[in-house]
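The chain contents come next:
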Amino acid sequence: MDLAFYIQANINKINQTLESLVPESRLPHSALFQAARYALLSPGKRIRPLLTLATVETLKGNVNHALEPACAIELIHTYSLIHDDLPCMDNDDFRRGKPALHKVFPEGHALLTGDFLLTHAFYVLANISYLTSEQRLMLIAILANHAGGNGMIGGQVIDLQANNDLITFDILQTMHKMKTGELITAAVEFGAVIANVSLEHRKILKEFGQNIGIAFQIIDDILDHSQKDQKKSKFAPQDYVSFLGVNGAQEAAKKILQSAEEKLQMIPYDTKTLKELSHFMVYRTY
Ligand code: IPE
Ligand code: IPE
Ligand code: MG
Ligand code: MG
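This one's a predicted model, so the numbers in the text were calculated from it and none came from an experiment.

**A few points about the coordination of the magnesium ion (ligand 4)**
Thinking step 1. The protein atoms donating to the magnesium ion (ligand 4) are Asp84 (OD) and Asp90 (OD), with metal-donor distances spanning 2.0 to 2.1 Å.
Thinking step 2. Between the magnesium ion (ligand 4) and the magnesium ion (ligand 3), a separation of 3.1 Å is found, and both are coordinated by Asp84. Assigned by exposure class, Asp84 and Asp90 land together as buried.

**Focus: the site of ligand 1**
Thinking step 1. The local shell around ligand 1 consists of Gly44, Lys45, Arg48, His77, Leu81, Arg96, Thr180, Phe216, Gln217 and Asp220.
Thinking step 2. In this structure, an oxygen atom belonging to ligand 1 sits 2.6 Å away from a side-chain N or O atom of Lys45.
Thinking step 3. Within the side chain of Arg48, one N or O atom sits 2.8 Å away from an oxygen atom of ligand 1.
Thinking step 4. Expressed as a share of its isolated accessible area of 390 Å², the protein-covered part of ligand 1 is 87%.
Thinking step 5. Of all the elements in the fold, those that place two or more residues in the shell around ligand 1 are helix 4 (67–85) and helix 10 (199–226).
Thinking step 6. The leading source of residues in the shell around ligand 1 is helix 10, at three residues.
Thinking step 7. Class assignment for the residues of the shell around ligand 1 results in two nonpolar, four polar and four charged.

**Here we look at the coordination of the magnesium ion (ligand 3)**
Thinking step 1. Within the protein, Asp84 (OD) and Asp90 (OD) serve as the donor atoms for the magnesium ion (ligand 3), at 2.2 to 2.3 Å.
Thinking step 2. Since its relative accessible area comes to 15%, Asp90 is described here as buried.

**Quick notes on the pattern of salt bridges**
Pairing between side chains of opposite charge can happen when their charged atoms approach one another.
Thinking step 1. Counted by the stated rule, this structure contains 13 salt bridges.
Thinking step 2. The residue Glu182 makes a salt bridge to Lys177 at a minimum N-O spacing of 3.8 Å.
Thinking step 3. Taking relative accessible area as the criterion, Lys177 reaches 34% and is therefore assigned partly exposed.
Thinking step 4. In this structure, a network of salt bridges that share partners links the residues Glu19, Glu24 and Arg37.

The rules behind the values
- Residues numbered from 1 in each chain as written.
- Chains lettered and ligands numbered in written order.
- Predicted model: local features only at pLDDT ≥ 70, side-chain atom pairs only at ≥ 80, totals over all residues.
- Heavy atoms only, no water.
- Donors = N, O, S within 2.8 Å, 3.2 Å for Na, K, Ca; no water.
- Buried < 20%, exposed > 50% of the residue type's maximum accessible area, 1.4 Å probe, protein only.
- Near = heavy atom within 4 Å.
- Polar contact = N/O pair within 3.5 Å; in protein donor to acceptor, adjacent residues only side chain to side chain.
- Areas by Shrake-Rupley, 256 points an atom, 1.4 Å probe, with all protein chains shown as cover.
- Helix = DSSP H or I, 4+ residues; strand = E, 2+ residues; numbered from the N terminus.
- Nonpolar A, V, L, I, M, F, W, Y, C, P; charged D, E, K, R; others polar.
- Salt bridge = Lys/Arg side-chain N within 4 Å of Asp/Glu carboxyl O.

Structure below.
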């Protein structure tokens with residue numbers, strides 16, 4: 001199947017699921033749901049849920065059982081973007097081609113919407129009836145770990161520090177591994193847990209996720225450089241491009257993509273779709 005067609009078909013399913021997980025409300029605090037839907041249903045690339053679905057499909061698991069867990073990761077991702085854009089963080093006015101949430105709703109509201117999406121992700125996971133309680137617990141632990149203090153949030157803290165202090169290339173790599181790589185890795189690990197594969201295969205897939213997570217962030221840096229006039233936060237970046245230049249950063253991403261592909265060759269499954277999806281993540285133009 002054509003990759004673009006495959007991606008669009010799965011994005012449609014992901015969007016439908018997101019919509020049902022955060023419905024409109026008529027309660028006195030309905031503005032919270034309205035704000036959450038504004039951020040969540042804006043046109044994101046849905047890379048993380050797509051990865052979970054593709055991993056489950058590759059591992060011959062039940063793809064229908066992957067939709068809600070995949071969307072729980074997208075809830076966490078969207079919360080992280082809402083908070084990332086706030087004036088106390090990157091102070092960016094636009095997200096996903098639209099005004100950032102705090103430009104449409106009061107800032108306190110945007111903060112609480114992020115809090116809501118974060119909390120809701122774990123509520124969704126805890127209540128998935130068609131997974132075993134052991135699977136649910138594993139998903140909750142994986143997500144809490146990857147999104148937490150030694151994961152995505154820790155990476156965001158290094159990023160804030162890098163606004164004031166010069167950082168080394170080593171720290172830059174750690175920052176990227178944490179702030180972006182961790183959640184992408186969780187998306188792949190989710191697939192392995194839902195499809196119930198062996199720990200050995202889960203470990204290989206985790207390494208695949210770590211590789212493509214970093215490659216994805218390198219490309220994000222390159223794309224940010226080409227659009228820096230539109231982004232307030234990108235005036236004095238310490239990123240892959242500032243360390244390696246555009247060509248060097250591109251080469252680094254391609255090399256990491258190659259390592260990712262080598263990991264895929266180590267598992268006894270047809271990994272064509274995962275390979276194509278990781279290519280898409282690195283050769284994307286948006
Ligand atoms: C943006 O993530 C922030 C990073 C962690 C690189 P995405 O590029 O996946 O953003 P959306 O979801 O498509 O908007
Ligand atoms: C965002 O990183 C990472 C998280 C929200 C965890 P950036 O600040 O580099 O991403 P953009 O450029 O705002 O999407
Ligand atoms: Mg940031
Ligand atoms: Mg930002």
